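# Structural features, examined
The lines below spell out each chain.
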Amino acid sequence: MDFNHQQIEKKWQEYWDQHKTFQAQDKSDKPKYYALDMFPYPSGQGLHVGHPEGYTATDIVSRYKRAQGFNVLHPMGWDAFGLPAEQYAIKTGNNPATFTNENIQVFKKQIKSLGFSYDWSREINTTDSNYYKWTQWIFEKLYEKGLAYEDEIMVNWAPDFPGGGIVVANEEVIDGKTERGGYPVYRVPMRQWVLKITAYADRLLDDLDDLDWPDAIKEQQRNWIGRSIGAAVVFDVQDHANQTVEVFSTRPDTLFGASYLVLAPEHELVDHIVTADQKAVVEAYREKIAAKSDLERTDLNKEKSGAFTGAYAINPVNGDKLPIWIADYVLASYGTGAVMGVPAHDQRDWDFATKFDLPIVPVIEGGDVTQEAYTGDGLHINSDFLNGQEKQAAIDTIIDWLTEHKAGTKRVNYRLRDWIFSRQRYWGEPIPVIHWEDGTQSLVPEDELPLRLPEMKQEQMKPSGTGESPLANATDWLNVTRADGVKGRRETNTMPQWAGSSWYYLRYIDPKNRQMLADPEKLAYWSNIDLYVGGAEHAVLHLLYARFWNKFLYDLGVVPDKEPFHKLVNQGMILGENHEKMSKSKGNVVNPDEIVAEYGADTLRIYEMFMGPLTQSKPWSDEGVTGSRRWLDRVWRLLIDDEGRVRDHVTTYNDGKLDKIYNMTVKKVTEDLENLRFNTAISQLMVFINEAYKVDGLPIQYMNGFVQMLAPFAPHLAEELWQRLGHENQSISYVDWPQYNPEALVDDTIEIIFQVNGKVRGKASMDRNADRDAMIAAAQADDNVQNFIAGKEMVKVIAVPGRFVNMVVK
RNA sequence: GCCGCUGUGGCGGAAUUGGCAGACGCGCUGGACUCAAAAUCCAGUGGUGGUAACACCGUGUGGGUUCGACUCCCACCGGCGGCACCA
């Protein structure tokens, strides 16, 4: 008879709840282990089969670590601010808070049905004012340190976004479109809140080296930060004695090859230097550019464009007159917003110079600059004092020269921009700032935090579409008066969804603390996170922002570690049966609730872990699910008879037949768990069960050990078996992990492979201590080996005792 | 275009430091049980040839290093992901 998963799973989930089995201890002599999942956004869609994959992985590790004697912190919470709830609220008239809480309840029920060993007493919710009080507190600290500021900057404006136009961060723009929904993004100047993540650029880059993270993610962060080292070079402008143009170049050694300068169209100098006869051309060009979205400026428009300002700059190194152009291939937001055009040695400049017929002067030997730019190394030519030098030497020389002549300096630039932090939305943390009518600005005092979101009606929640936030409609909340009678208006923008998730891992450590973000002693005990599992899609959003906030909090002395997540693992995606990404439109979506109802949570857990390596994407298979259930039934039947009693062949007598396979299994499963190789661990458990079916007597000791090893994977079934095997009133969760006896793994005889010219021609069972000569003799005596060596000249014999003999013949 | 990952049976995937390729599971085939079916248990299952022993071929393609290569090196092809005028 098969086991009744519905009954067993309900029973043990209730047991765990009632006994608070998985509550982490705040104070303990045990070593700690902190296993964290990326907390979900509780969407109305409910759980997806991708969620349980990462959650099962951390749950297995958590259960394994508890059995190893660790005090384990394994929490779960809700990243519950976000646009979908607000859009739904606007559409239906629901309150986003109510709606969000309903979604959370659905998610929680689904997650609980999978039997994860979360410490639910530490559950957090980013939309809870007791939580976002501290999100606001961190913002205030950033503000006080000058790292949160308001500025008129070029922002990413997505006017078509559902529910009204919105500003998004650079990290949220993919191919000139919004990361969510794919709406076109335009660069427009707006007054917005910005966090100075660039102040941490070097540390964010350098500290990546010590992290145990997937290379792909580290590489993405490195690219995103994009540090480049070069020089700033200052050019005087002809006929404008008080104007200079500063350019940034990673190749200052090519300065003698500069034939023009290019400013970004938005560069402030343009208006000052443009000549009367070029003014119309420049203005027309700027208008054309302004109407383009980012996508049109990059992807769809590889052809260079630009306009001549009529002005000339003076090359500091040789006094040459260089025409100053504007062109949109130069970005206002990077470097100084101006470049020197060296067409001979930069492909972009070459394209531009070719189009506008500007001179191309080679200054490095090599390549054919009439065909394309030459970017390789070589000896400098046409370069006065740099002639004959190679690239690096020339760079050093020119930087010295520029510094000495006050015409430039060494300079480091980053691709990383400051984090655009304000959103024109209702459903987010209010930014705790007040704008006073006397023109000053102040923070909401710390003792007045949290600054709660006001309740709003459906129609008030709609953004105006002009960039004004809906909170501007909350008149009672909006207006404040100071003790001295000065009137003020609250900041109406809210924080982006990434705010709450940038520090949530800290709050689990002390979730109910009203005095501080978290108790320093508790932080010291639990830091750092030992294992963090989540999807790779957060490579440069959540993971970069969280590192930034952690470093800031570290500088404040609030957190003890300079990095939040020492070990990060990205689970692969679970694809549909047709090997494509699951999506409603493709009709290949699997609902975990159905699997749990029909086959049980243990089956889903085993199946998702057995599919393949955690980090790899792999397709779903309904037949694979039934196979996993079949195996659990097979385990059950091995031990339990039709009446629900332990079978007679489970015995205290050990005939030794399972000694080797049992000890091998303990060894392999333990090692695999340490390395998150869940698929091969399960496969080893299967091998053990196959062997157990072949013998007459099942030693109770081995069956206990097996059930313990099964417990992290299939906890409900394992608890039930554990109880039936005679362990009444005891959860398996804290029973010591089984040990193996290395001696049991060693056989007296070993199979030795006989090779001829590297090909296997025979094998024989030999004493494990057989020496080289004995092995070679045995090989030569083998009939089939004889067929291949007879009459041939023996060139060489390689023999590794205990393994193989290889005879090389000619 | 640049960077990272990846390519193994019909399918998902195994394979310490280079040392028996295909563990385990799915699927399929056969057998046992059954009046029969399902379920279960047992066995087989990379291809070709052979009754068999065994032989030859085989880890994306082509070369190389080695006694020996899925594993290391070079070149190329396909798939996935990221970045993409960042000077």
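Residues numbered from 1 in each chain as written. Chains lettered and ligands numbered in written order. Predicted model: local features only at pLDDT ≥ 70, side-chain atom pairs only at ≥ 80, totals over all residues. Heavy atoms only, no water.

The next point concerns the sheet that holds strand β17 (residues 419-420). Taken in spatial order, the four strands of this open sheet run β6-β5-β9-β17, and their pairing is antiparallel. Looking at which strands have only one partner, the edges of the open sheet turn out to be β6 (166-168) and β17. Two elements, strand β5 (residues 148-158) and strand β9 (residues 186-195), share ten bridges in a ladder whose sense is antiparallel. The residue bridging V155 from the neighbouring strand is V188, located in β9. Helix-sheet contacts for helix α5 (residues 129-144) involve β5 and β9, and the interaxial angle to β9 is about 95°. (Pairing = 2+ DSSP bridges. Helix = DSSP H or I, 4+ residues; strand = E, 2+ residues; numbered from the N terminus. Contact = heavy atoms within 4.5 Å. Axes fitted to C-alpha atoms, helices over the stretch in contact; angles between N-to-C directions.)

For the rest of this paragraph, the subject is the nonpolar core. Core analysis: the largest hydrophobic core is formed by 114 residues, its most contacted members being I111, F139, W419, Y504, L517, W549 and W620. Element by element, the count of residues in this core is highest for helix α18 (residues 542-556), at eight residues. Two domains each donate at least three residues to this core, and these are domain 1 (136-223 + 419-490) and domain 3 (584-744). In contact with F139, not counting residues within four places along its chain, are A148, W193, L195, F421, I431, P432, V433, L443 and M495. Among the nonpolar cores identified, the runner-up in size contains 62 residues, and A67, L639, I661 and V695 belong to it. (Core = buried A, V, L, I, M, F, W, Y, C linked by side-chain atoms within 4.5 Å. Buried < 20%, exposed > 50% of the residue type's maximum accessible area, 1.4 Å probe, protein only. Domains from an automatic or database assignment.)

This brings us to the protein's contact with RNA strand B. Around RNA strand B, the structure places 56 residues, and the nearest of them are S228, T250, K304, R348 and N806. Sugar and phosphate atoms represent 64% of those atoms of RNA strand B found within 4 Å of the protein. A distance of 3.5 Å is found between a sugar or linking oxygen of RNA strand B and a side-chain nitrogen or oxygen belonging to S249. For RNA strand B, a base oxygen lies 2.3 Å from a polar atom in the side chain of N806. Counting residues per element, the surface near RNA strand B draws most heavily on helix α23 (residues 678-692), at six residues. (Near = heavy atom within 4 Å. Polar contact = N/O pair within 3.5 Å; in protein donor to acceptor, adjacent residues only side chain to side chain.)

Splitting chain A by domain gives domain 1 (136-223 + 419-490), domain 2 (227-414), domain 3 (584-744) and domain 4 (747-809). Using C-alpha coordinates to define each centre, domain 1 is positioned 34 Å away from domain 2. Domain 1 puts twelve residues into the contact, and the matching count from domain 2 is eight residues. Buried area between domain 1 and domain 2, summed over both chains or domains, comes out near 930 Å², and the portion from carbon and sulfur atoms is 51%. (Buried area = accessible area lost by both parts, 1.4 Å probe.)

Turning next to the sheet that holds strand β21 (residues 487-490). Spatially, β19-β18-β21-β20 is the arrangement adopted by the four strands of the open sheet, whose pairing is antiparallel. Strand pairing shows two members of the sheet lacking a second neighbour, β19 (441-443) and β20 (479-481), which therefore form its edges. Each adjacent strand pair in this sheet contributes to an overall mean axis angle of 35°, direction not counted. Taken together, the three bridges between β20 and β21 define a ladder with antiparallel strand orientation. Bridge pairing in β21 places V480 opposite G488. Seen against the sheet, α5 touches β18 (433-436) and β19 and runs at an angle of roughly 135° to β19.

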